[in-house]
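# Secondary and tertiary structure notes
Here is what each chain is made of, one letter per residue.
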Amino acid sequence: MIQFFHVTKKYQQGSPALSDVSAHIEKGEFVFLTGPSGAGKTTFLKMIFRDDVPTSGQVIVHNEDVATMPARRIPYLRRLIGVVFQDFKLLPRKTVFENVAFATQVIGLPRREQRARTFQVLEMLGLNHRLHNYPEQVSGGEQQRMAIARALVNRPLILLADEPTGNLDPDLAKEIMSLFKDINSHGTTVIVATHDRDLIRRMGRRVIALDHGRLVAAAVA
Amino acid sequence: MPRLLRALQHCLREAWDGLWRNPALSTLAAASIGISLYVLGLFLLLAFNLGRFVDTLGKEMQVQVYLKEEITPADLKTLRAEFSSDPAIEVVRFVSKTDARLRFERDFPSLRDLPERVGGNPFPASFDLEIRDADRNPDALDRITKTYQKAPGVEEVRYDRGWTERLVGLVDLVRRGGLGLGILLAGAALVTVGAVVQLTVLARREEIEIMKLVGATAAFIRGPFLLAAAVQGLAGGVIALAGLYVTHRMVERTVVFTTNPFMTIVAGRFLPAQASAALAAGGAALGIVAAILSLRRAGTF
């Protein structure tokens, strides 16, 4: 499903964000991406949904080289991928319902389908009592779940989550992880970037560990 | 509902939202296009009316071929045949010496005894030639003059070349001046509308970023901006037309208009429907161009 071949990413200043990273993630796999801050986890994720391109090497997602794909294909790649951003990226002027429905509207689903899917995913994430609230009116955990709902509403093949439990208390973090496990059990490939070692140990899934942009380990925790 | 229709619906809704989210900015964009098109329209109106005047004058303008006293009936017949077969000549009218004298007496009744005093009839016979519309220009008239100047029995060929050239030149000058000034103002309008689009893009940058990340196509993102700019441009065009109409009516009602023939010439009629429609459509086009340039700068193209 996802293949990194000797991927290096250099920005103008400082050391490379990724340095000669090769990794394979199979369809339906649940993988943790770990490492300290600045290890290159976010860059790794960005390459997958083509928010960034490698300086050298190749990133293949769903049989397509993301660096060389024409610009008009990028939206269609992104429709296969749901992303939960570390900073949530919610729209403050839209309600909980609108924030999630927005993703379905963008890909041109029929209005009825938009509503049905949005209600379904919000119910699944326990946000159906918050439909008309604005992001600032809900808790951090609920904002996190809004971001997850938006990533899931288009039923992606791949789910990427960048530090999804960073702002949550342990119980809520556990709940979110169990949700990801559930999503994964339905066939979605899940990649979670986190530096929470306890969480990784508890889940017992494959780990790709990065440090200073280098791959330092790829094994089951 | 088909996907395309849904995309169009989204485009309309978002464009409408965009226009009303900041009415002051939308008004500013429409007004700047309106002002540039108003000035362009003023020159168009002037050129249109001057052009009409030249046409009218041209219709009245004739080429006179004065004949020698000693012209033979055979030469006269040949000349008439040549005029009749010339594609540039629409009507051929022969004016005999007697007709010429009668015409003089009719046009200048106070001088009707002048021919008697100079000893008979000093007026030469002539042909009055009415020229077809397409040939009523200095070059074609020159050709006609040269062709018949040397013909047997012809004394002189005349037409009022100076006036024609000056008027055609004036219309051309007005058109060019209007176009130049219009382009200059359109440039200023492009900058204003572009700035308005950029401000809107800036205000919605978070939304645009998320749209991109969840798989919105470029057309889906740009469509509403282009449509809103086209609406602003069209509104500008309509403002310009309304302003032109009001100006025209005000000029029409002034005393100067009724007493000064020049005013009748320069502001006789309002712009024809096609020119008015083109002006409004030009506004919409200006809006779209400004939006494309601005979205390109903002990195959405």
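Counting its regular elements, chain B contains twelve helices and four strands. Sequence separation of at least 24 residues holds for 81% of the intrachain contacts in chain B that already meet a minimum separation of 6. A total of about 16500 Å² of accessible surface is found on chain B, and carbon and sulfur atoms cover 65% of it.

The next thing to look at is the packing of helix α1 (residues 3-21) of chain B against helix α9 (residues 218-253) of chain B. Residue and element names in this part refer to chain B. The N-to-C vectors of α1 and α9 enclose an angle of 55°; their axes lie 8 Å apart at closest approach. Between α1 and α9, the angle is such that the two are oblique. Between α1 and α9 lies a crossing of right-handed hand. Contact residues: His10, Cys11, Leu12, Glu14, Ala15 and Leu19 in α1; Phe220, Gly223, Pro224, Leu227, Ala228, Val231 and Gln232 in α9. Partitioned by chemical class, the residues of the contact of α1 with α9 number nine nonpolar, three polar and one charged.

Residues and elements named next belong to chain B. What the four strands build is an open sheet, ordered β2-β3-β1-β4; its pairing is antiparallel. This sheet does not close on itself; its edge strands, each paired only once, are β2 (89-95) and β4 (154-158). For this sheet, the mean angle separating the axes of adjacent strands, direction not counted, is 20°. Relative to strand β3 (residues 126-131), strand β1 (residues 62-67) runs antiparallel, the two being bridged by five bridges. By the bridge assignment for β3, tyrosine 66 is matched with serine 126. Relative to β4, helix α6 (residues 138-149) is tilted by about 175°, and along the sheet it contacts β1, β2, β3 and β4.

For the rest of this paragraph, the subject is the sheet that holds strand β5 (residues 64-65) of chain A. All names here are of chain A. The four strands lie next to each other as β2-β1-β4-β5, forming an open sheet whose pairing is antiparallel. The strands lining the two open edges of the sheet, one partner per strand, are β2 (18-25) and β5. Docked against the sheet, helix α1 (residues 41-48) engages β1 (2-9), β2 and β4 (56-61), running at close to 125° with respect to β1.

Moving on: the interface of chain B and chain A. Facing 19 residues of chain B, the contacting portion of chain A comprises 24 residues. Around 1800 Å² of area is buried between chain B and chain A when both sides are counted, 56% of it from carbon and sulfur atoms. Contact with chain A buries surface across chain B, with B:Ile210, B:Leu213 and B:Val214 losing the most and accounting together for 34% of the total. At the junction of chain B with chain A, the criterion picks out one salt bridge. A salt bridge links A:Lys89 to B:Glu209; the nearest nitrogen and oxygen atoms lie 3.2 Å apart. Inspection of the chain B/chain A interface yields three residue pairs in polar contact (both at pLDDT 80 or more). Mapped onto the side of chain B that touches chain A, the elements with two or more residues apiece are α1 and α8 (205-213) of chain B. Broken down by element, the side of chain B that touches chain A gets its largest block of residues, seven residues, from α8(B).

Here we take up helix α3 (residues 96-106) of chain A. All names here are of chain A. Burial runs high along α3: ten of the eleven residues are buried. Residues Val96, Phe97, Asn99, Val100, Ala101, Phe102, Ala103, Thr104, Gln105 and Val106 constitute the buried set of α3. Phi turns positive one or two residues past the end of α3, at glycine 108, with a value near 80°.

Bringing the nonpolar core into the picture now. All names here are of chain A. Core analysis: the biggest nonpolar cluster contains 76 residues, and Phe32 and Phe180 have the highest contact counts within it. Ignoring anything within four residues of it in the chain, the contact list for phenylalanine 32 reads Met177, Val192, Thr194, Leu199, Ile200, Met203, Arg205, Arg206, Val207 and Ile208. Residues Met1, Val7, Ala39 and Ile48 belong to the second largest nonpolar core, which totals 32 residues.

Moving on to a nonpolar patch on the surface. Residues and elements named next belong to chain B. Taken together, Phe108, Leu111, Leu114 and Val118 make up a surface patch of nonpolar side chains, about 330 Å² in accessible area. Inspection of the secondary structure assignment puts leucine 114 in helix α5 (residues 114-117). With a relative accessible area of 31%, leucine 114 lands in the partly exposed category.

The subject of this paragraph is the packing of aromatic side chains. According to the stated counting rule, one finds eleven aromatic pairs over all chains in the structure shown. Here B:Phe104 and B:Phe123 contribute two aromatic rings whose centre-to-centre distance is 4.8 Å and whose plane-to-plane angle is 35°, an arrangement assigned as tilted. Taken together, the positions of B:Phe104 in helix α4 (residues 97-107) and B:Phe123 in the loop between α5 and β3 put the pair 19 residues apart, joining distant regions of the chain. Here a set of aromatic residues connected by ring pairs shows up, and it is made of B:Phe83, B:Phe94, B:Phe127 and B:Tyr148. A cation sits over an aromatic face here: A:Lys89 above A:Phe85, 5.4 Å from the ring centre.

Thresholds applied
The residue count restarts for each chain, going from 1 along the sequence in the order it is written. Whichever chain is written first becomes A and whichever ligand is written first becomes 1, with later ones labelled in order. Per-residue local features of the predicted model are confined to residues with pLDDT of at least 70, and side-chain atom pairs are confined, for both listing and counting, to 80 or more; whole-chain, interface and lining totals are unaffected and use all residues. As a rule here, side-chain values cover all heavy atoms of the structure and leave hydrogens and water aside. In this text, helices come from DSSP runs of H or I with a minimum length of four residues, and strands from runs of E with a minimum of two, each type numbered from the N-terminal end. What makes two residues a contact is simply this: any of their non-hydrogen atoms within 4.5 Å. Methods summary: accessible areas were calculated by the Shrake-Rupley approach with a probe of 1.4 Å, and residue burial reflects only the protein chains presented. Between N-to-C directions, angles cover 0 to 180 degrees, with each direction set by a line fitted to C-alpha atoms, over the stretch in contact for helices. Convention used here: angles under 35 degrees read as roughly parallel, angles over 145 as roughly antiparallel, angles from 65 to 115 as roughly perpendicular, and any remaining angle as oblique. Two helices cross in a left-handed way if the nearer one is turned anticlockwise from the farther one by less than a right angle. They cross in a right-handed way if the turn is clockwise. When residues are grouped by polarity, Ala, Val, Leu, Ile, Met, Phe, Trp, Tyr, Cys and Pro land in nonpolar, Asp, Glu, Lys and Arg in charged, and all others, Gly among them, in polar. The pairing criterion for strands is at least two bridges between them, as found by DSSP. Here's the idea: put two parts together, see how much 1.4 Å probe accessible area each one loses, and the total over both is what we call buried area. Salt bridge, as used here: a side-chain nitrogen of Lys or Arg that lies within 4 Å of a carboxyl oxygen of Asp or Glu. Residues adjacent in sequence count toward polar contacts only when both atoms are side-chain atoms; beyond that, a polar contact is any pair of N or O atoms within 3.5 Å, and within protein one must be able to donate a hydrogen and the other to accept it. For every residue, the accessible area obtained with a 1.4 Å probe (protein chains only) is divided by the maximum for its type, and the residue is called buried under 20%, exposed over 50%, and partly exposed between those limits. Only buried residues count toward a nonpolar core, which is a set of Ala, Val, Leu, Ile, Met, Phe, Trp, Tyr and Cys residues joined through side-chain atoms within 4.5 Å. Patches draw on residues past 30% relative accessible area with no salt bridge. Two like charges within 9 Å are joined, as are two nonpolar side chains (Val, Leu, Ile, Met, Phe, Trp, Tyr) within 5 Å. In this analysis, rings of Phe, Tyr and Trp, with Trp reduced to its six-membered ring, are considered paired at centre separations within 6.5 Å, and the interplanar angle assigns stacked below 30 degrees, edge-to-face beyond 60, and tilted for intermediate values. Lysine NZ or arginine CZ positioned within 6 Å of the ring centre and within 35 degrees of the ring normal marks a charge as sitting over the ring.

As far as function goes, none of this settles anything; it's purely spatial.
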